Amino acid sequence: MSAPHLILPTIGAYAEAVANPEGRFATLRGVRGVTDSRGELSYTCGAGRVTFRVELDGEPYDLTCFTTPAALGQGEQKRYGNLLPRELYVFRADGTGDYFPVAVRKTHSPNIPHIDSPSITDPQTPTALGEWSEGLQVAVLGDRFGYLDPNGLWAIEPQFVWAGDFCEGRADVTLPAPNGEEGTLMGLIDPNGALTIPAVYDDLSWDGSRYAYVERDGRHGCLDRTGHTVVPLEYDWMGEFSYGFAVVSREERWGYVDERGQLVGEGLAYADARSVGEDGIAEVRLSGSDTYTPVRLF
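Please read these numbers as outputs of a predicted model, since none were measured by experiment.

Chemist: Explain the overall build of the chain to me, please; I cannot follow it from the model alone.
Modeler: Looking only at helices and strands, the chain has two helices and 24 strands in total. Taking all contacts inside the chain whose residues are at least 6 apart in sequence as the whole, residues at least 24 apart take part in 36%. Roughly 14100 Å² of accessible area belongs to the chain as shown, and the carbon and sulfur atoms make up 48% of that amount.

As structure tokens, then:
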């Protein structure tokens, strides 16, 4: 499976696999996801990756999963430990699945990453710390996430159910559903803690550069960093943009949209489709065929 055509799972798909690990790992044994006081998986996110706190045979580890081909291909995965090329089994919407790369590293605590950090001067001492990113550090106080500045003070008060690392001036966060409703919703914030994309989405993945890929009520689409709609929420599934095009599907038909949100080529004409490569070629599968055929998108 070559990198240009690799469609990696979402954070939610990885979380489901880690929460239900039986039969989901190719070589790792005795995997158990560490949970917080609310019984939810403990994890942190950055651009193109999500790191779960897990135990392997009772020992604490970080398990980093990749959500974008760019993050996997940058060579930075080594900083997250030993890369296991085909390890975590994730189901797709159609019930099929595949193994995907993850990185594993031993930690000193399943809940608090062992990292260099400043002295915490705030009297409300965080109970867990994440990684530094763009001058801010994810920190947990009780059951809420916020961000510390280099002096150990709260730059963004702990108010989120979950918060990711900043990348290119944006971070994805999770807030409780409003009006006493059950569940959580996701949005995107700037370094001041202001929502540039409101927390109204069931899932949101920030690519660390230009786009936030969102899902609400089972419909997928894409917004830019300011919240402007790029691809309307009208697809059953959407991949990330690769060389100007993204794979989309609706009613089990697959095709491509450009960065104007417009369907290109033959539209939703394929039984399956893979991401476009740097040569402008993508691979598609026609109805009734078991093989993939190359098509040129640019």
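Chemist: Please clarify how the sheet that holds strand β15 (residues 203-206) should be interpreted in this entry.
Modeler: Strand pairing in a sheet relies on backbone hydrogen bonds, with the paired strands running either antiparallel or parallel. Taken in spatial order, the four strands line up as β15-β16-β17-β18 in an open sheet, and their pairing is antiparallel. Each end of this open sheet is capped by a strand with a single partner; those strands are β15 and β18 (229-235). Between one strand and the next, the sheet's axes are offset by a mean angle of 15°, whatever the strand orientation. Pairing geometry for strand β17 (residues 219-224) and β18, over three bridges, is antiparallel. Across the sheet, residue His-220 finds its bridge partner in β18, namely Tyr-235.

Chemist: Would you take a moment to explain the pairing of strand β3 (residues 49-56) for this structure?
Modeler: For a regular strand, side chains alternate in direction, first toward one face of the sheet and then toward the other. Within β3, eight of the eight residues are buried, leaving the element largely enclosed by the surrounding structure. Because side chains alternate across β3, one face comprises the buried residues Arg-49, Thr-51, Arg-53 and Glu-55, and the other comprises Val-50, Phe-52, Val-54 and Leu-56, equally buried. Summarising the sheet, strand β1 (residues 31-33) and β3 pair through three bridges and their orientation is antiparallel. Within β3, the position partnered with Gly-33 by the bridge is Val-54. By the bridge criterion, eight bridges tie β3 to strand β4 (residues 59-66) in an arrangement that is antiparallel. By the bridge assignment for β4, Val-50 is matched with Cys-65.

Chemist: Would you mind going over the sheet that holds strand β24 (residues 293-296) with me for this structure?
Modeler: Taken in spatial order, the three strands of this open sheet run β22-β23-β24, and their pairing is antiparallel. Looking at the sheet topology across the chains shown, the edges are occupied by β22 (272-273) and β24. Of the pairings in the sheet, the one linking strand β23 (residues 281-285) to β24 comprises four bridges and is antiparallel in character. Residue Glu-283 lies in a different strand from β24, and its bridge partner there is Pro-294.

Chemist: Help me understand the side chain of Arg-24 in this model?
Modeler: Relative to the helices and strands, Arg-24 is located in the loop between α1 (11-19) and β1. No salt bridge is formed by the buried Arg-24; the nearest opposite charge belongs to Glu-16, separated by 4.1 Å. Residues contacting Arg-24, with those up to four places away along its chain left out, are Glu-16, Ala-17, Glu-87, Leu-88, Tyr-89, Val-90, Phe-91 and Tyr-99.

Chemist: Please clarify how the nonpolar core should be interpreted in this entry.
Modeler: Counting residues in hydrophobic clusters, the biggest one holds 56 residues, and the most contacted among them are Tyr-14, Phe-52, Leu-63, Leu-88, Tyr-147 and Phe-160. If you tally residues by element for this core, the top one is α1, at six residues. Beyond its immediate stretch of four places on either side in the chain, Leu-88 contacts Tyr-14, Ala-17, Val-18, Arg-24, Phe-25, Cys-65, Asp-98, Tyr-99, Phe-100 and Val-102.

Chemist: Quick question: what am I supposed to make of the pattern of salt bridges here?
Modeler: A side chain of one charge can pair with a side chain of the opposite charge when the charged atoms of the two come close. In this structure the tally under the stated criterion is 12 salt bridges. Across the pair Arg-53 and Asp-62 runs a salt bridge whose closest N-O atoms are separated by 3.1 Å. Each member of the pair, Arg-53 as well as Asp-62, is classed as buried. Asp-98 serves as the salt-bridge partner of Arg-86, at 2.8 Å between the closest nitrogen and oxygen. Here Asp-98 lies in strand β6 (residues 97-106) and Arg-86 lies in strand β5 (residues 82-91), a separation of 12 residues in the sequence. Arg-86 gets classed as partly exposed once you look at its relative accessible area, which sits at 45%.

Chemist: Is there a simple way to think about the confidence of the model for the chain in this case?
Modeler: The predicted structure's coordinates, where accompanied by low pLDDT, should not be read in detail. On average, the chain scores 85 in pLDDT, and the residues at 70 or more come to 88%. This stretch, residues 1-5, has a pLDDT under 50; its non-local contacts, to residues over four places away or in other chains, come to 14 contacts. When the criterion is pLDDT under 50, residues 109-123 qualifies, and its contacts beyond four places in sequence or with other chains add up to 38 contacts.

Chemist: What is the right way to look at unusual backbone geometry in this model?
Modeler: Glycine aside, a negative phi is what most residues show, and trans is what most peptide bonds show. The backbone phi angle of Tyr-243 is positive, close to 55°, even though this residue is not glycine. Along the chain, the position of Tyr-243 falls in the loop between β19 (237-238) and β20 (245-250). On the accessibility criterion, Tyr-243 (47% relative accessible area) is partly exposed.

Parameters at a glance
Residues numbered from 1 in each chain as written. Predicted model: local features only at pLDDT ≥ 70, side-chain atom pairs only at ≥ 80, totals over all residues. Heavy atoms only, no water. Helix = DSSP H or I, 4+ residues; strand = E, 2+ residues; numbered from the N terminus. Contact = heavy atoms within 4.5 Å. Areas by Shrake-Rupley, 256 points an atom, 1.4 Å probe, with all protein chains shown as cover. Pairing = 2+ DSSP bridges. Axes fitted to C-alpha atoms, helices over the stretch in contact; angles between N-to-C directions. Buried < 20%, exposed > 50% of the residue type's maximum accessible area, 1.4 Å probe, protein only. Lys, Arg positive; Asp, Glu negative; His and termini not counted. Salt bridge = Lys/Arg side-chain N within 4 Å of Asp/Glu carboxyl O. Core = buried A, V, L, I, M, F, W, Y, C linked by side-chain atoms within 4.5 Å. pLDDT = per-residue confidence, 0-100.

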